[in-house]
Amino acid sequence: MTIRAVVRGVGHYLPSRVVPNAEFEALVDTSDDWIRARTGIERRHFAAEGETTSDMAARAAEAALADAGIAADSIDAILLATSTPDLTFPAAATMVQRKIGASRAFAFDVQAVCAGFVFALANADALILSGQARRILVIGAETFSRILDFTDRGTCVLFGDGAGALVLEAAEGTGTPADRGILATDLNTDGTHQDLLYVDGGVSTTGTSGQLRMQGNQVFRHAVEKLAATGHAALDRAQLTSADVDWIVPHQANLRIIAATAQRMQVPMEKVVVTVQDHGNTSAASIPLALSVGKARGQIHEGDLLVTEAIGGGLSWGAVVLRW
Ligand code: UT7
């Protein structure tokens with residue numbers, strides 16, 4: 001018998017404040033045209049004052065539980081992918097546990113920046129396959145607006161806030177790629193590229209939370225090359241090929257990266273879920289947001305083969321192949 005981690009529900013939350021590109025024209029030397037042409041981003045959401053990562057994560061988790069028809073107190077574990085937690089500790093996942101009443105669940109954060117949701121999914125899969133948990137909430141939630149330098153046009157126009165969540169549950173499979181659930185994962189890190197994308201503050205250095213710094217064009221180069229490679233590696237591991245893919249659900253950083261990766265993976269853009277125009281780059285939240293929006297749009301259906309892939313600070317990158 002093969003155990004699979006199967007998706008039972010999905011949900012998301014976006015803060016109510018929508019920030020169109022034009023708002024940045026008053027802050028830095030940029031234009032709506034430049035941002036649209038170079039990134040595909042048209043607008044993003046920013047959290048309200050006092051609205052935290054765990055607030056948004058809890059709303060997304062409740063939406064995913066409602067979609068699954070599963071009660072919060074039957075959840076065994078909560079994994080929250082975030083680089084913008086409410087506090088240095090405890091983990092924001094513990095605040096979500098309290099807010100949604102998931103009293104039986106153990107809870108911890110996963111920090112792999114924009115690749116965080118992929119890393120969290122792979123860890124949740126491992127917990128389910130090893131029998132340590134049967135039902136897991138896997139959440140991605142970020143308030144990147146709090147770590148942006150609004151004088152740096154190369155970064156402040158790119159990011160947004162939001163949250164998305166999945167409910168995973170152990171189910172019996174046949175051990176073939178026809179099974180529903182997570183079929184393969186591929187995780188990677190190269191810590192030599194820290195200077196390309198990092199936050200210039202932290203607990204044991206400056207004692208501040210710091211601001212995001214990025215050499216965008218260098219990250220771009222790594223992204224296109226590494227995302228296609230990790231996507232192929234995960235498909236190989238699942239004994240599948242690009243021809244089997246119904247949807248790529250990529251990290252939403254830049255439409256040009258998304259398109260170039262799809263081309264390298266030989267998957268047409270009609271099979272790619274794109275939300276970057278509405279959300280910007282929400283880091284670890286972008287994939288679960290795209291999964292939730294993709295389902296709500298009627299794109300993703302039960303039985304579809306999905307590849308999710310992401311890269312971010314570290315550099316860390318990876319992919320998950322799953323049948324919805
Ligand atoms: O999610 C984590 C992973 N992060 C990413 O995947 C982000 C990857 N990088 C990118 O998406 C792109 O590199 C950017 C959107 C950040 C930048 O696009 P680019 O085509 O790589 O531009 P560039 O950095 O090579 O800069 C080209 C020019 C520069 O001006 P000069 O030196 O040619 O005069 C920049 O200063 O564009 C300028 N520029 C801007 N101009 C108007 C940079 N940001 C802006 C801006 N508005 N907001």
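First things first, this report covers the structure right here in the doc. Residue positions within a chain follow its written sequence, with the count starting from 1. Local features in this predicted model are restricted to residues whose pLDDT is 70 or higher, and side-chain atom pairs enter the listing and the counts only when it is 80 or higher, whereas totals over whole chains, interfaces and linings include all residues. For the side-chain quantities, the full set of heavy atoms in the structure was used; hydrogens and water were omitted.

Here we take up the site of the ligand. The criterion for a residue being near a molecule or strand is simple. One of its heavy atoms has to lie within 4 Å of it. Of all residues adjacent to the ligand, which total 23 residues, the nearest are Thr30, Arg38, Asn254, Arg256 and Asn281. At 3.3 Å from an oxygen atom of the ligand is found a side-chain nitrogen or oxygen belonging to Asn217. Here a polar contact means two N or O atoms within 3.5 Å. Within protein one must be a hydrogen donor candidate and the other an acceptor candidate, and residues neighboring in sequence count only if both atoms are side-chain atoms. A distance of 2.6 Å is found between an oxygen atom of the ligand and a side-chain nitrogen or oxygen belonging to Asn281. Taking 950 Å² as the accessible area of the ligand by itself, protein coverage stands at 73%. For the shell around the ligand, the elements supplying multiple residues, two or more each, are helix 1 (32-39), helix 5 (153-156), helix 6 (216-237) and helix 7 (255-264). The way it works is that DSSP assigns letters per residue, a run of H or I at least four long becomes a helix, a run of E at least two long becomes a strand, and they are numbered from the N terminus. Broken down by element, the residue count for the shell around the ligand peaks at 4 residues, all from helix 6. Gly falls in the polar group here, along with every residue not listed as nonpolar (Ala, Val, Leu, Ile, Met, Phe, Trp, Tyr, Cys, Pro) or charged (Asp, Glu, Lys, Arg). In terms of residue class, the shell around the ligand is made up of 11 nonpolar, 8 polar and 4 charged. Each of domain 1 (2-173) and domain 2 (181-323) accounts for three or more of the residues forming the shell around the ligand. Areas reported here follow the Shrake-Rupley algorithm with a probe of radius 1.4 Å; residue values treat only the protein chains shown as occluding. Where each domain begins and ends follows an automated or database-derived domain assignment.

Further remarks concern the pairing of strand 11 (residues 247-250). Using a 1.4 Å probe on the protein chains alone, a residue whose accessible area is under 20% of its type maximum counts as buried, one over 50% counts as exposed, and one in between counts as partly exposed. Residues Trp247 and Val249 line one face of strand 11 and the alternating positions Ile248 and Pro250 line the opposite face, and both faces are buried. We call two strands paired when DSSP finds no fewer than two bridges between them. As judged from the 4 bridges shared by strand 11 and strand 12 (residues 305-312), these two strands associate in the parallel manner. Note that in strand 12 the partner of Trp247 across the bridge is Leu306.

Another aspect to go through is the pattern of salt bridges. Take a side-chain nitrogen of Lys or Arg and a carboxyl oxygen of Asp or Glu: if they are within 4 Å of each other, that pair is a salt bridge. All told, the structure shown has 17 salt bridges when counted by the stated rule. A salt bridge links Glu23 to Arg17, with the shortest nitrogen-to-oxygen separation between them at 3.3 Å. Classification of Glu23 by relative accessible area gives partly exposed; the value is 37%. Arg17 gets classed as partly exposed once you look at its relative accessible area, which sits at 43%. The residue Glu42 makes a salt bridge to Arg36 at a minimum N-O spacing of 3.7 Å. Taking the relative accessible area as the measure of exposure, Arg36 reaches 38% and is therefore partly exposed. Via salt bridges that share partners, Asp32, Arg36, Glu42, Arg43 and Asp278 belong to a single interconnected network.

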